[in-house]
Amino acid sequence: MSAFRFSASTVLYGRQPLDKACAELAAVGLHQIDLWHVANWCEHLADGVPTVRKTLRRHGLQLDTLSVFNWPHARLRALLDQMAELNGRALITASAKSDVTVPHFLQQIDPVIRHAESLGVTLAIENHGATVIDSIESMLTLIDLEPSPALGIALAPIHLFNRSESTADAVYALGKRVALCYAWDWGARGLANWKDPARQFIGTGNIDHRPIFEALHATGYAHPVQLFAHGPENWPPARTTAHLRRGLAVAQRLTDTSNSCTESA
C-alpha cells in the first residue's frame, strides 16, 4: 500500500470541459482532485457549485483543493465559501509581488484567513519565484507571524529547485503547515518555456522526489500529494492521461520505497 494518496489538477485538461477532465482523472484511478478556476485560462468552477457537485459525483470524485490564482483578495472569501460547499479542504493561491514585505502581505490576507478559520478550511499560499513567498525563509516567516492552521503552504518543488533550495528541507522546517505538496518535476526546457510539459511529470525531470516523500512521511503529512505539470492542457486528452498514469506509477513506487526506508531507519 502506498504511503500517500494522490490527487491531480483539472488544469491538466484545461482546454476541456470539466466533465471530460473528471472522466480522464477518474480513468487514471484518482479519487480526489484539485479544481482550477483561473480567469482566462481554466475556469472549471464557472458553471457553479451545483453543476460541479453533480459532475464530481458522476465520476466518483471528491474535491480536495480549489486553485484560484490571480483573483483579487476581495474575491477569495466567496471562493472559500464555494469550496466549502463542495467539501474541499484548502484554497490554493499565490502571494504578492516581491517588493511587498511578508508582514504587509499577511495584513492583506488577514480577512481571508479569518474567514477560512470560520469555515474550518485552509488558505494555502504557493511558494513561487519572483513573489514575496518564494524561499524557505519567507515561508517560515509567514507561518511564524500567523500561527493559525487556517494558513498553510502549498509547496511547489520546482520553485525551490530553481532557487537551489531543498524541498525536503522545507517539509521538515514547515511540518504540519504544509497544506499541499506537489509532485512536480522540472527539466531544462522549462526555463525556456514554463508551459512546455516535457520533463514536468514526476520521474521525467531533474528533481529527486524520494527525499521529499521521505520528509513528508516523517512529518506525518496526511493530505493527497498532487501530481502536476503545466502545459498538458494543449495536448490531446489521451496523451495527457498516458503521461499522468505513468507519473502516478512513478510516485507510488517512490512513496512505497520512502515509506519502507523511513520505517526501517
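See the structure shown above.
The present account deals with the structure reproduced in this document. (Residues numbered from 1 in each chain as written. Predicted model: local features only at pLDDT ≥ 70, side-chain atom pairs only at ≥ 80, totals over all residues. Heavy atoms only, no water.)

1. Details of unusual backbone geometry
- Residues other than glycine seldom take positive phi values, yet N40 does so here, at roughly 65°.
- As for its placement among the helices and strands, N40 is situated in the loop between β2 (32-38) and β3 (42-43). (Helix = DSSP H or I, 4+ residues; strand = E, 2+ residues; numbered from the N terminus.)

2. A short note on the packing of helix α7 (residues 167-174) against helix α9 (residues 210-218)
- Between α7 and α9, whose axes approach to 8 Å, the crossing angle comes to 10°. Taken together, the axes of α7 and α9 lie roughly parallel to each other. Contacts between α7 and α9 involve T167, A168, V171 and Y172 from the first element and P211, I212, E214, A215, L216 and A218 from the second. (Axes fitted to C-alpha atoms, helices over the stretch in contact; angles between N-to-C directions. Parallel < 35°, antiparallel > 145°, perpendicular 65-115°, else oblique. Contact = heavy atoms within 4.5 Å.)

3. A few points about the pattern of salt bridges
- Considering all chains together, one arrives at ten salt bridges under this definition.
- If you follow the salt bridges from partner to partner, you end up with D110, R114, E117 and E146 in one network. (Salt bridge = Lys/Arg side-chain N within 4 Å of Asp/Glu carboxyl O.)

4. Observations concerning the layout of surface pockets
- Roughly 510 Å³ of volume is contained in the largest pocket.
- Around the largest pocket, the lining is made up of 24 residues, and of these F69, N70, A94, E126 and H128 lie nearest the centre.
- Residue assignment for the lining of the largest pocket shows that the elements contributing at least two residues are α3 (73-85) and α6 (157-161).
- Of the residues assigned to the lining of the largest pocket, the class counts are 14 nonpolar, eight polar and two charged.
- In this structure, the second largest pocket spans a volume of roughly 200 Å³.
- Taken together, 13 residues make up the lining of the second largest pocket; nearest its centre are L61, Q62, L63, L86 and N87.
- If you list the elements that add at least two residues to the lining of the second largest pocket, you get α2 (49-58) and β4 (62-67). (1 Å grid on protein atoms, 1.4 Å probe; cavity = no way out; pocket = protein on both sides within 12 Å on 5 of 7 lines; lining within 4 Å. Points joined across faces, edges and corners; volume = space filled by probe spheres on them. Nonpolar A, V, L, I, M, F, W, Y, C, P; charged D, E, K, R; others polar.)

5. Concerning the packing of helix α1 (residues 18-28) against α2
- In the contact formed by α1 and α2, the axes pass within 9 Å of each other and the chain directions differ by 25°. Relative to α2, the element α1 is oriented roughly parallel. Considering how the two elements wind past one another, α1 and α2 form a crossing that is right-handed. Contact with α1, carried on its side by L18, D19 and C22, involves V52, T55, L56 and R58 of α2 and no other residues of that element.
- Here the residues of the contact of α1 with α2 sort into four nonpolar, one polar and two charged. (Left-handed = near helix turned anticlockwise from the far one by under 90°.)

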